[in-house]
Amino acid sequence: MRKSIFLLPALALSLALASCSGGSEPAPAPTPSEAPAASAAPVESSASPSASKPADESGVKEYAFATGMTFGKVATSGKPSPELDAFLDAAGEDAGDAYEDDFTFWTVTIDNREGHAEAFPYEFRAYDKDGSEYIFKRTLDLVEAVQEQLPDAPDATEDSPEWKAYEKRFDLYEAAFESESVVANPGALKKFTVVTGDDLPEEFTRMSIDLGGLVGEAEVITLEDANSQGYPMDF
């Protein structure tokens, strides 16, 4: 069950982030005088055996994707940056909540060393045997979605406890935003963390990733299939 401020299932997250995905700067901090108004083989997500890279002791598995000269891997584990962790903790405290059990984090590595356009994990989609859809977004987008759900700046003076508490949380928001990778430019090799608020099944029948802009979408396949197709895996 999802809780209060962290009630972000895939559809709601996707809609809430429609206007902020792809952004590169956090919202400016308000001042006290201007407070704002309000086709692939089944892909497993658990630790059971699969045709992907063998799971390590923690049950983490890896998959691969490619489109044009942009390649990548997906690992079924991840964690928020220390800055994002601090921001989510503070947001949860404000709402009398906690976030740890509300989200699943995975890691996407994008190898754009031979690519010709900027790439980023705009959206990662997975499907189970019943056709249900599960959506992961960038943690950068999560920062924005959570910030939008928090209370607006208080109608208070700069030296008031209410304003100081708000300002402290806004500083955590800015630090969290700046800690997250935005894009992998041509020539770059970068890691991103993606996040979902969905309860995941043990196995997916298909996965794909939208790398944004001119790069487009790619099917996510097992490493075994990627190796047989000659994908470069030296990253």
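Here the structure is shown first, and the text comes after it.
Focus on the nonpolar core
Alright, step 1. In terms of nonpolar packing, the biggest core is built from 25 residues, with Phe65, Trp106, Ile110, Phe124, Met207, Ile209 and Val220 touching the most fellow members.
Alright, step 2. Listing elements by their share of this core, those giving two or more residues are β2 (62-67), β4 (104-111), β5 (123-127), β6 (133-138), β7 (189-196), β9 (206-210) and β10 (217-222).
Alright, step 3. Contacts of Ile209, omitting those with residues within four sequence positions, involve Phe65, Val108, Pro121, Glu123, Phe124, Gly216, Glu217, Ala218 and Val220.
Alright, step 4. The next biggest cluster of nonpolar side chains, apart from the first, holds 20 residues, and it includes Ala91, Tyr99, Tyr173 and Val195.

Remarks on the packing of aromatic side chains
Alright, step 1. Going through the model one piece at a time under the given rule, you end up with 13 aromatic pairs.
Alright, step 2. Between the aromatic rings of Phe124 and Phe136, the centroid separation amounts to 5.4 Å while the plane-to-plane angle is 80°, which identifies the pairing as edge-to-face. Separated by 12 residues along the polypeptide, Phe124 in strand β5 and Phe136 in strand β6 bring together distant segments of the chain. Across the pair, exposure class does not vary: Phe124 and Phe136 are buried alike.
Alright, step 3. For the cation-ring pair, Lys73 lies above Phe235, with the distance from its terminal atom to the ring centre recorded as 4.8 Å.
Alright, step 4. The cationic tip of Lys137 hangs over the ring face of Tyr122; the distance from NZ or CZ to the ring centre is 4.1 Å.

Digging into the packing of helix α3 (residues 139-149) against helix α4 (residues 161-179)
Alright, step 1. In contact at an axis separation of 9 Å, α3 and α4 are set at 160° when each is read in the N-to-C sense. When the axis of α3 is compared with that of α4, the two are roughly antiparallel. When you trace α3 past α4, the crossing you get is left-handed. Taking contact as the criterion, the partners of Leu140, Val143, Glu144 and Gln147 in α3 are, on α4, Phe170, Tyr173, Ala176 and Phe177.

Analysis parameters
- Residues numbered from 1 in each chain as written.
- Predicted model: local features only at pLDDT ≥ 70, side-chain atom pairs only at ≥ 80, totals over all residues.
- Heavy atoms only, no water.
- Core = buried A, V, L, I, M, F, W, Y, C linked by side-chain atoms within 4.5 Å.
- Buried < 20%, exposed > 50% of the residue type's maximum accessible area, 1.4 Å probe, protein only.
- Helix = DSSP H or I, 4+ residues; strand = E, 2+ residues; numbered from the N terminus.
- Contact = heavy atoms within 4.5 Å.
- Phe/Tyr/Trp six-rings, centres within 6.5 Å; stacked < 30°, edge-to-face > 60°.
- Lys NZ or Arg CZ within 6 Å of the ring centre and 35° of its normal.
- Axes fitted to C-alpha atoms, helices over the stretch in contact; angles between N-to-C directions.
- Parallel < 35°, antiparallel > 145°, perpendicular 65-115°, else oblique.
- Left-handed = near helix turned anticlockwise from the far one by under 90°.

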